[in-house]
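Structural overview
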Amino acid sequence: LTKKLTNEDSQIKLLREKISYIILYKNYINELTTKTTNAKRQQESLINLISDPQELDTILSEINRISIENKIEVIDITPKPIVKYIQSKDNFSSKKKSNNMLTSDPFLFPSIEKHIFKISLIGEFDSLLNFLKELELLQAIVISDNIEIKLAPANASKSNLKLSMKLDLSSYAKVSNNIIK
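All values reported here derive from a predicted model rather than from experimental measurement. (Residues numbered from 1 in each chain as written. Predicted model: local features only at pLDDT ≥ 70, side-chain atom pairs only at ≥ 80, totals over all residues. Heavy atoms only, no water.)

The next thing to look at is the overall build of the protein. Secondary structure summary: the protein contains 4 helices and 8 strands in total. Element order for the protein, N to C, with α for helix and β for strand: α-α-α-β-β-β-β-β-β-α-β-β. The buried share of the protein, reckoned over its 181 residues, is 28%. Within the protein, contacts between residues at least 6 apart in sequence are counted, and of these 73% link residues at least 24 apart. Looking at the protein as shown, the accessible area adds up to about 13,100 Å², and 56% of this sits on carbon and sulfur atoms. (Helix = DSSP H or I, 4+ residues; strand = E, 2+ residues; numbered from the N terminus. Buried < 20%, exposed > 50% of the residue type's maximum accessible area, 1.4 Å probe, protein only. Contact = heavy atoms within 4.5 Å. Areas by Shrake-Rupley, 256 points an atom, 1.4 Å probe, with all protein chains shown as cover.)

Below, the structure is given as structure tokens:
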């Protein structure tokens, strides 16, 4: 009987100890919930910052306006396929599929898609430089990649040398339908 009582006493102690942990776990869960809520709010702010659907609708007109202001001739604008978010197998990073290669893109989320345009321009060096500076000032994030500058083939005089510039221009927009399959 004494052995049984000692055993029950130790079980009661163990249960009381476990009950005391409930408050700690509850506080820990509340803290994690708060951090998760803040992280989701911060992610939503980031999404709103980098993706402006109205800006994407007018990006081509903005490119046209900037090129006219800087006296640049737009030779070609070719849209590339839209890049969508692909959940990686490790669930820790977003990946994009481009040219059958998976690479990391910090701006891609399930609710964001990336629009890429291949742009060819001709103009003077200073004008091309000002064009790139003004692109950076657009409201939505616009990223210029793969910039290639060469001497334009049809240069009439050596005083006003024209350069040919090709670049990939990336912009981000919210996915119109949030259901991704």
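The discussion continues.
Now for the pattern of salt bridges. Two side chains bearing opposite charge may form a pair once their charged atoms approach each other closely. Tallying each qualifying case throughout the model produces 7 salt bridges. As a salt-bridge pair, D168 and K80 come within 3.2 Å of each other at their nearest N and O atoms. Of this pair, D168 sits in strand β8 (residues 163-174) while K80 sits in the loop between β1 (73-79) and β2 (83-84), and the two are 88 residues apart along the sequence. For D168, a relative accessible area of 7% corresponds to the buried category. The exposure class of K80 is partly exposed, given its relative accessible area of 35%. Each of E62, R65, E69 and E134 takes part in salt bridges that share partners, so that together they form one network. (Salt bridge = Lys/Arg side-chain N within 4 Å of Asp/Glu carboxyl O.)

Turning next to the packing of aromatic side chains. If you walk through the whole model with that rule in mind, you get 1 aromatic pair. Their ring planes at 55 degrees and their centres at 6.4 Å tell us that Y21 and Y25 sit as a pair that is tilted. Separated by 4 residues within a single helix, Y21 and Y25 lie in helix α1 (residues 2-50), roughly one turn from each other. Judged by its relative accessible area of 35%, Y21 falls in the partly exposed class. (Phe/Tyr/Trp six-rings, centres within 6.5 Å; stacked < 30°, edge-to-face > 60°.)

In this section: the confidence of the model for the protein. With 80% of its residues at a pLDDT of 70 or more, the protein has an overall mean of 79. Low pLDDT (under 50) marks residues 91-102, which in the prediction has 25 contacts with non-local residues, meaning those over four places away or in another chain. (pLDDT = per-residue confidence, 0-100.)

With that settled, the discussion passes to unusual backbone geometry. The backbone of K71 sits at a positive phi, close to 55 degrees, despite the residue not being glycine. Topologically, K71 is positioned in the loop between α3 (59-69) and β1.

Okay, the packing of α3 against helix α4 (residues 125-136) next. For any two helices packed against each other, one specifies the crossing angle of their axes together with the interaxial distance. Remark: α3 packs on α4, axes separated minimally by 9 Å, with the N-to-C direction vectors making an angle of 145 degrees. Crossing of α3 over α4 shows right-handed handedness. Taken together, the residues of α4 that come into contact with α3 (itself represented by I63, R65, I66, S67 and E69) are F131, E134 and L135. Its residues assigned to classes, the contact of α3 with α4 comprises 4 nonpolar, 1 polar and 3 charged. (Axes fitted to C-alpha atoms, helices over the stretch in contact; angles between N-to-C directions. Left-handed = near helix turned anticlockwise from the far one by under 90°. Nonpolar A, V, L, I, M, F, W, Y, C, P; charged D, E, K, R; others polar.)

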